[in-house]
Amino acid sequence: MTSSWRPDRGVRRAVVALVTSAVAFLAAGLLIDAWWLIGIGVWALIAAIVIELVHRP
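Residues numbered from 1 in each chain as written. Predicted model: local features only at pLDDT ≥ 70, side-chain atom pairs only at ≥ 80, totals over all residues. Heavy atoms only, no water.

A.B. asks: How should the overall build of the protein chain be read in this particular structure?
C.D. replies: Check the secondary structure of the protein chain and you find two helices and zero strands. Split into buried and exposed, the 57 residues of the protein chain put 18% on the buried side. Put simply, the protein chain shows about 4500 Å² of open surface, and 73% of that area lies on carbon and sulfur atoms. (Helix = DSSP H or I, 4+ residues; strand = E, 2+ residues; numbered from the N terminus. Buried < 20%, exposed > 50% of the residue type's maximum accessible area, 1.4 Å probe, protein only. Areas by Shrake-Rupley, 256 points an atom, 1.4 Å probe, with all protein chains shown as cover.)

So this is what it looks like as structure tokens:
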């Protein structure tokens, strides 16, 4: 049985947004060779992974 509890959808949306922004920052950083953009992308990806691991619906 799946849960349609609203905070679960909000957490899922936040994780998807973080992963999407991480990919965008990493791609931009690699294209223009900017280490600070790559760093932001890596930290956004780490945050998404931590949220996904900690939050258990």
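Right, picking up where we left off after that structure.
A.B. asks: Explain the environment of Val50 to me, please; I cannot follow it from the model alone.
C.D. replies: Considering the arrangement of structural elements, one finds Val50 in helix α2 (residues 35–54). Relative accessible area serves as the criterion here: at 43%, Val50 is assigned to the partly exposed category. For the pair Val50 and Val15, spaced 35 residues apart in sequence, the C-alpha to C-alpha distance is 9.4 Å.

A.B. asks: Looking at this structure, I do not really get the environment of Ser21. What am I missing?
C.D. replies: Tracing the sequence through the fold places Ser21 in helix α1 (residues 6–32). It is 9.2 Å that separates the C-alpha atoms of Ser21 and Ile40, two residues lying 19 residues apart in sequence.

A.B. asks: It is not clear to me how α2 should be interpreted in this structure. Could you clarify?
C.D. replies: One full turn of an α-helix is made of 3.6 residues, so residues set three or four places apart face in the same direction. Between its first and last C-alpha, α2 extends 28 Å over 20 residues, near the 28 Å set by a 1.5 Å rise per residue. Buried residues of α2: Leu37, Ile38, Gly41, Ala44 and Ala48, and no others. In an axial view of α2, the angular spread of the buried residues amounts to 125°, which keeps them on one side of the axis. Across α2 from its buried face, at more than 90 degrees, point the exposed residues Trp35, Trp36, Trp43, Leu53 and Val54. (Expected span 1.5 Å × (residues − 1). Arc of directions from axis to C-beta.)

A.B. asks: What is the right way to read a nonpolar patch on the surface from this model?
C.D. replies: Judged by side-chain polarity, Val19, Val23, Val42, Trp43, Leu45, Ile46, Ile49, Val50, Leu53 and Val54 come together as a nonpolar surface patch covering roughly 910 Å² of accessible area. Only α1 and α2 provide two or more residues apiece to the nonpolar patch. For the nonpolar patch, the leading source of residues is α2, giving eight residues. Secondary-structure assignment places Leu45 in helix α2. (Patch = residues over 30% accessible without salt bridge, like charges linked within 9 Å, V, L, I, M, F, W, Y side chains within 5 Å. Salt bridge = Lys/Arg side-chain N within 4 Å of Asp/Glu carboxyl O.)

A.B. asks: Is there a simple way to explain the environment of Gly29 in this structure?
C.D. replies: On the secondary structure map, Gly29 appears in helix α1. Taking the C-alpha atoms as reference points, Gly29 and Gly41, twelve residues apart in sequence, are found 8.3 Å from one another. Other than its neighbours up to four places away in sequence, Gly29 contacts Ala34, Leu37 and Ile38. (Contact = heavy atoms within 4.5 Å.)

These figures capture arrangement, not role.
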